[in-house]
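Structure at a glance
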Amino acid sequence: MILINIFLVLLIFLIISDLYIKNSPKSKLNLVPINYKIKKKDGLNELIIDLKITNKSKTKETMVSNINFELDCFKSKGNEYCQNFNYQQDIYIYENNKIKNLNNYWPTTIIKSNSELFVRIIYKFSNDNFRKKIKYLWLKIYWENYGHFGISNNKDCFLINLDGQKQRPKEVFEIPINNKYKALAIKTDLLGCFDNPVNTVIEYCKGIIEENDILTIGESPLAIMQNRYISPQNLKYSLFSKALCYFFHPTSSLATACGMQLLINRIGVTRITFALFVGYLFKLVGIKGMFYRLTGSESSLIDDISGTVTPYDKSIVMGPLNADLFCKEVSNYLNIDVAVVDVNDLGGVKVLASSNKKVNKILKKHLLSNPAGNGDEKTPIVLIREKK
């Protein structure tokens, strides 16, 4: 009887904690990338980036009290970091259908409920060799939200491919699998949220695919193109996340407070605690993996920082959204089977979604060698092809 009472008290405490985490006041502002373009003006290389800040609250106004922009520069080979590039920055906002130059001073700006604010940043690079040396820019945005929840400091990052508008020769690496199948790994640029997932994959595969090929793409690159990554600074980790992360292997993405907090925000403390308890009981009888079955794909698809390529190695990458729809759209256009997969160098193969369930068995068998690689290969798209 005493154990039952303790269990009920614990259950009520966890449920109340979940309700508090879910309903506690928080900012509902989102910073969304729209597009970018590159042009030459007055002898300067000019980069124009358009963003949008949306307030999804139905009742609360929220202020952006401050915002700062920083650029990191990377060469194409090995994503090598570069410094000492001089540039001029101009910040604009759209008000009453007019564009206003802020002269690089951000005034405290109110964003009303169910409304949005458009922001434009223009960078002018005076270095003539800039475009020859640099391929990628990593735009870091530090911004403050101020409102009924208090004040929160946020960080958002977006990749800009300066060669994104160019046509480049396609690179394909043939990788033998066995006597019946081979893999074709397609090299891509470093992908980002400005890349439309469906259009990007189709463009890279044009002229390469053949009838009966099976196209696969890794879940992390797809999630990144969907803007499904987050800076740890944006997660307000709690006592629960600090405690629960201790139950996981040090190499797990759930073994840190921020990784665990991301899962708590998705499915709640109660479900995680229940899954841990049941998982422990099953492990005693030799059955592993029950925790991930009970918590669903949300838990197994979180990649903590350092889990992917530079510069995303400082972000937590979540699983992709609408993977089934993505597979269907690409399959309909290319007329081949398509799958989203999660593969690692330890022989783990998960098929998250596919346009034809019949290919799942083939993929689980023939992706064991992980032909896409886990490093900086930049070959997220792999074709599985039957040898003729």
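Relevant structure appears above.
Residues numbered from 1 in each chain as written. Predicted model: local features only at pLDDT ≥ 70, side-chain atom pairs only at ≥ 80, totals over all residues. Heavy atoms only, no water.

This next bit is on the overall build of the chain. For the chain, the helix and strand inventory stands at 11 helices and 18 strands. Relative to the globule expectation of 21 Å for 388 residues, the C-alpha radius of gyration of the chain, 23 Å, shows essentially globular dimensions. Expressed along its principal axes, the backbone C-alpha trace of the chain runs to roughly 75 × 65 × 35 Å. Looking at the 388 residues of the chain, the share that counts as buried comes to 48%. Residue pairs in contact within the chain that sit at least 24 positions apart in sequence constitute 69% of those at least 6 positions apart. Here the chain has roughly 21,200 Å² of accessible surface; of this, 53% comes from carbon and sulfur atoms. Each charge class in the chain can be summarised by its mean position, and for the 51 positive and 36 negative side chains these summaries are 3 Å apart. (Helix = DSSP H or I, 4+ residues; strand = E, 2+ residues; numbered from the N terminus. Rg over C-alpha atoms; globule rule 2.2 N^0.38 Å. Buried < 20%, exposed > 50% of the residue type's maximum accessible area, 1.4 Å probe, protein only. Contact = heavy atoms within 4.5 Å. Areas by Shrake-Rupley, 256 points an atom, 1.4 Å probe, with all protein chains shown as cover. Lys, Arg positive; Asp, Glu negative; His and termini not counted. Charge placed at Lys NZ, Arg CZ, Asp CG, Glu CD.)

The next point concerns unusual backbone geometry. Note that the residue after T310, namely P311, is joined by a cis bond; omega there is 5 degrees. Structurally, the position occupied by P311 is in the loop between α9 (297-300) and β15 (316-317). Positive phi outside glycine occurs at N212, with the angle close to 75 degrees. Residue classification places N212 among the exposed positions, given a relative accessible area of 66%. Phi at N227 takes a positive value of approximately 65 degrees, unusual for a residue other than glycine.

Another aspect to go through is the packing of helix α1 (residues 2-23) against helix α7 (residues 269-284). The interhelical angle for the contact between α1 and α7, taken along N-to-C directions, is 140 degrees, at an axis separation of 8 Å. Considering their axes alone, α1 and α7 lie oblique with respect to each other. Taking contact as the criterion, the partners of L11, L14, I15, D18 and I21 in α1 are, on α7, V269, T270 and T273. The residue inventory of the contact of α1 with α7, partitioned by class, reads 5 nonpolar, 2 polar and 1 charged. (Axes fitted to C-alpha atoms, helices over the stretch in contact; angles between N-to-C directions. Parallel < 35°, antiparallel > 145°, perpendicular 65-115°, else oblique. Nonpolar A, V, L, I, M, F, W, Y, C, P; charged D, E, K, R; others polar.)

What follows deals with a nonpolar patch on the surface. A contiguous nonpolar patch, built from M1, I4, F7, L8, L11, I15 and L19 and spanning about 700 Å² of accessible area, is present on the exposed surface. Summarising the element assignment, L11 is placed in helix α1. (Patch = residues over 30% accessible without salt bridge, like charges linked within 9 Å, V, L, I, M, F, W, Y side chains within 5 Å. Salt bridge = Lys/Arg side-chain N within 4 Å of Asp/Glu carboxyl O.)

Next up on the list: helix α10 (residues 323-334). In a regular helix each residue adds 1.5 Å, so 12 residues correspond to 16 Å; α10 covers 16 Å between its end C-alpha atoms and thus fits that length. Taken together, the buried positions of α10 are occupied by A323, F326, C327, V330, S331 and L334. For α10, the buried positions fall inside an angular range of 125 degrees around the axis, keeping them on one side. Relative to its buried face, α10 has exposed residues pointing more than 90 degrees away, namely K328, N332 and Y333. In the core, the buried residues of α10 are packed alongside α3 (197-205), β13 (214-218), α4 (219-225), β16 (337-343) and β17 (349-354). (Expected span 1.5 Å × (residues − 1). Arc of directions from axis to C-beta.)

Considering the arrangement of structural elements, one finds S252 in the loop between α5 (239-244) and α6 (257-267). Taking relative accessible area as the criterion, S252 reaches 17% and is therefore assigned buried.

Counting along an α-helix, one turn takes 3.6 residues, and residues three or four places apart therefore face a common direction. Taking 1.5 Å of rise per residue, 16 residues should cover 22 Å, and α7 covers 23 Å from first to last C-alpha, within 8% of that figure. Within α7 the residues assigned to the buried category are V269, T270, I272, A275, L276, V278 and G279. Elements in contact with the buried residues of α7: α1, α5, α6 and α8 (290-295). At the C-terminal side of α7, G286 shows a positive phi close to 90 degrees.

What follows covers the environment of F125. Structurally, F125 can be placed in strand β8 (residues 115-125). What makes F125 buried here is its relative accessible area of 2%. Residues F125 and K361, spaced 236 residues apart in sequence, show a C-alpha to C-alpha distance of 51 Å.

This paragraph deals with the pairing of strand β9 (residues 136-147). Direction of pairing for strand β3 (residues 62-74) relative to β9: antiparallel, over a ladder of 11 bridges. Counterpart to N68 in the pairing with β9 is Y142. Sheet analysis places β9 next to strand β10 (residues 150-161), joined by 12 bridges and oriented antiparallel. Paired with Y142 across the two strands is K155, which belongs to β10. Hairpin geometry of β9 and β10 is characterised by an intervening segment of 2 residues between the two adjacent antiparallel strands. (Pairing = 2+ DSSP bridges.)

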